[in-house]
2 protein chains.
Amino acid sequence: MSIDNFTGHISQRFDDELDAVKGRLTEMGGIVEQQVGDAIAALLNADVALAERVVKKDKSINKLEVAIDEDCALILARRQPAARDLRFVLSIIKTTTDLERIGDEADKMATQAISLSEEGKAPHGYVEIRHIGQHVSRMLSEALDCFVRQDVELALKVAQEDKAVDVEYGSALRAMMTYMMEDPRSITRVMSIMWSLRALERIGDHARNIAEHVIYMVQGDDVRHLGLKKMAEKVKQR
Amino acid sequence: MSIDNFTGHISQRFDDELDAVKGRLTEMGGIVEQQVGDAIAALLNADVALAERVVKKDKSINKLEVAIDEDCALILARRQPAARDLRFVLSIIKTTTDLERIGDEADKMATQAISLSEEGKAPHGYVEIRHIGQHVSRMLSEALDCFVRQDVELALKVAQEDKAVDVEYGSALRAMMTYMMEDPRSITRVMSIMWSLRALERIGDHARNIAEHVIYMVQGDDVRHLGLKKMAEKVKQR
């Protein structure tokens, strides 16, 4: 597209800047998604080398968080966006925080994977890690999709799934407590599983947050803390 | 102060808006601080009524988060702030997230207090809760102070204290694991203490985040993920 007049040129540059920051956020999302998948695999397969790669790679996520936030601050200062463009930038500023925290949780899981490889495998809990891990990975992938496609229906679905994950997490925790009581020698190892389950549950929360930021970006409705029913009404209303 | 010309009038209104949002954030900080103190007290004194008040009050924190973020979006749209004013607004947008999460952690501790009142007191861990609780409460109070006073030296101190809390948390966790192994019947109750210790450790992280936002606001340096040594250099440099 070539626009000859000055205003057109400026706004084309602005669009390019927005596209660039969207691209970087998508890149950050891709790395975070990979980190979560790798952390789960490292746990399930007792793969220490993979776990160590996850821990090492967390730094690159932190750098992207800082870089994207700086891009956003520059766009706000130079372009003074309004309406949907402003919401777009604000949503990205909130989303980088969630992605960075997901990266932290993947890092924590990888650390537990390393500690389990030293202490010996846990006697229980891998089925739960695999099951909740798959669920949460799908939620994260959908949350990133709904950001790219600006899809509020999918965002609503992610928020709804978070509730299911919370239920699965609660019952997995109770099972782990029972295992510890039955075999106190396994406590250290089962605790590693519990911290990992906790990390997965938190990743689900952050995926839901990202989905909520997308709804704000697209519709201008801040649906945080609204509850699923009211959130669904807001999404259907528009 | 009375300013007669139009520009002065506009900028006075702008200052008033910034002051108002700062006031609301300070209010939110005060409520969150109270919630953390109450949650710790509810745990230590097995005070179910107090714990229930904490759980109930979490909603008002969530509402403030949404309201302050909306104020910030309006200021960005109408006033198009630059330089330090822009950093001020961006820091507030990041800080509301941290304060809301601290509120969530207080809520989780209160829930554990309620569950401990049903299961019977834990045989161990109250000394650790009291000690780390006092430390983290002080950090939170200092983080809010350094926001109000724009005090980067104090912000640096908060970040440094977070490291001490992480060490205390690690040794408290190891002690709790030992107690569980020695007396498996106490596992459920000691787990409540462990989740509460985890909540306190997370509150320390969020207090550190708030302190880092203050350094960004005042100096323009994004010190997240820098490490304490480099952070100290940035603060001394200015």
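Residues numbered from 1 in each chain as written. Chains lettered and ligands numbered in written order. Predicted model: local features only at pLDDT ≥ 70, side-chain atom pairs only at ≥ 80, totals over all residues. Heavy atoms only, no water.

Details of the confidence of the model for chain A
Residues and elements named next belong to chain A.
And then number 1: This prediction gives chain A a mean pLDDT of 94; 96% of its residues lie at or above 70.
And then number 2: Mean pLDDT across the elements of chain A ranges from a minimum in helix α1 (residues 6–44), with 91, to a maximum in helix α4 (residues 126–149), with 98.
And then number 3: Confidence metrics for the complex model read pTM 0.95 and ipTM 0.94. (pLDDT = per-residue confidence, 0-100. Helix = DSSP H or I, 4+ residues; strand = E, 2+ residues; numbered from the N terminus.)

Topic: the side chain of B:Q112
And then number 1: Secondary-structure assignment places B:Q112 in helix α3 (residues 83–119).
And then number 2: Contact partners of B:Q112, with chain neighbours within four places excluded, come to B:S192, B:W195 and B:S196. (Contact = heavy atoms within 4.5 Å.)

Some points on the state of the cysteines
And then number 1: If you walk through the whole model with that rule in mind, you get 0 disulfides over all chains.
And then number 2: A:C72 forms no disulfide, and the closest cysteine sulfur to it belongs to B:C72, at a distance of 15 Å.
And then number 3: Here A:C72 falls in the buried class, since its relative accessible area comes to 1%.
And then number 4: Left unpaired, A:C146 is separated from the closest cysteine sulfur, that of A:C72, by 17 Å.
And then number 5: Residue A:C146 is classed as buried on the basis of its relative accessible area of 0%. (Disulfide = S-S within 2.5 Å. Buried < 20%, exposed > 50% of the residue type's maximum accessible area, 1.4 Å probe, protein only.)

A word on the pattern of salt bridges
And then number 1: For the structure shown, the criterion picks out 34 salt bridges over all chains.
And then number 2: Here A:E153 and A:K236 are joined by a salt bridge, their closest N and O atoms 3.4 Å apart. Taken together, the residues A:E153 in helix α5 (residues 152–182) and A:K236 in helix α7 (residues 228–237) connect sequence positions 83 residues apart.
And then number 3: Note on A:E153: relative accessible area 43%, which makes it partly exposed.
And then number 4: Residue A:K236 is classed as exposed on the basis of its relative accessible area of 53%.
And then number 5: Two residues, A:D222 and A:R224, come together in a salt bridge whose shortest N-O distance is 2.8 Å.
And then number 6: Residue classification places A:D222 among the partly exposed residues on the basis of a relative accessible area of 24%.
And then number 7: Here the residues in one salt-bridge network are A:E65, A:D69, B:K94, B:D222 and B:R224, joined through shared partners. (Salt bridge = Lys/Arg side-chain N within 4 Å of Asp/Glu carboxyl O.)

A short note on the environment of B:T178
Residue and element names in this part refer to chain B.
And then number 1: With respect to the element layout, T178 can be found in helix α5 (residues 152–182).
And then number 2: On the basis of relative accessible area, T178 is assigned to the partly exposed category, the value being 39%.
And then number 3: Taking the C-alpha atoms as reference, T178 lies 41 Å from T26; in sequence the two are 152 residues apart.

Looking at a positive patch on the surface
And then number 1: Residues A:K56, A:K59, A:K63 and B:K230 make up a contiguous surface patch of positive charge.
And then number 2: Locating A:K63 in the fold gives a position in helix α2 (residues 48–79). (Patch = residues over 30% accessible without salt bridge, like charges linked within 9 Å, V, L, I, M, F, W, Y side chains within 5 Å. Areas by Shrake-Rupley, 256 points an atom, 1.4 Å probe, with all protein chains shown as cover. Lys, Arg positive; Asp, Glu negative; His and termini not counted. Charge placed at Lys NZ, Arg CZ, Asp CG, Glu CD.)

Digging into a negative patch on the surface
Residue and element names in this part refer to chain A.
And then number 1: Judged by side-chain charge, D15, D16, D19 and D85 come together as a negatively charged surface patch.
And then number 2: In terms of residues, the negative patch owes the most to one element, α1, which gives 3 residues.
And then number 3: What makes D16 partly exposed here is its relative accessible area of 42%.

A word on the interface of chain B and chain A
And then number 1: Contacts between the two partners involve 37 residues from chain B, matched on the other side by 37 residues from chain A.
And then number 2: For the chain B and chain A pair, buried surface summed over both sides reaches about 3400 Å², with 62% attributable to carbon and sulfur atoms.
And then number 3: Between the two partners, chain B and chain A, sit 8 salt bridges.
And then number 4: Salt-bridge contacts for B:D69 lead to A:K94; the nearest nitrogen and oxygen are separated by 3.0 Å.
And then number 5: Counting across the chain B and chain A interface gives 16 residue pairs in polar contact (both at pLDDT 80 or more).
And then number 6: Elements that contribute at least two residues to the side of chain B that touches chain A include exactly α2 (48–79), α3, α5 and α6 (187–219) of chain B.
And then number 7: For the side of chain B that touches chain A, a count of residues per class yields 18 nonpolar, 8 polar and 11 charged. (Buried area = accessible area lost by both parts, 1.4 Å probe. Polar contact = N/O pair within 3.5 Å; in protein donor to acceptor, adjacent residues only side chain to side chain. Nonpolar A, V, L, I, M, F, W, Y, C, P; charged D, E, K, R; others polar.)

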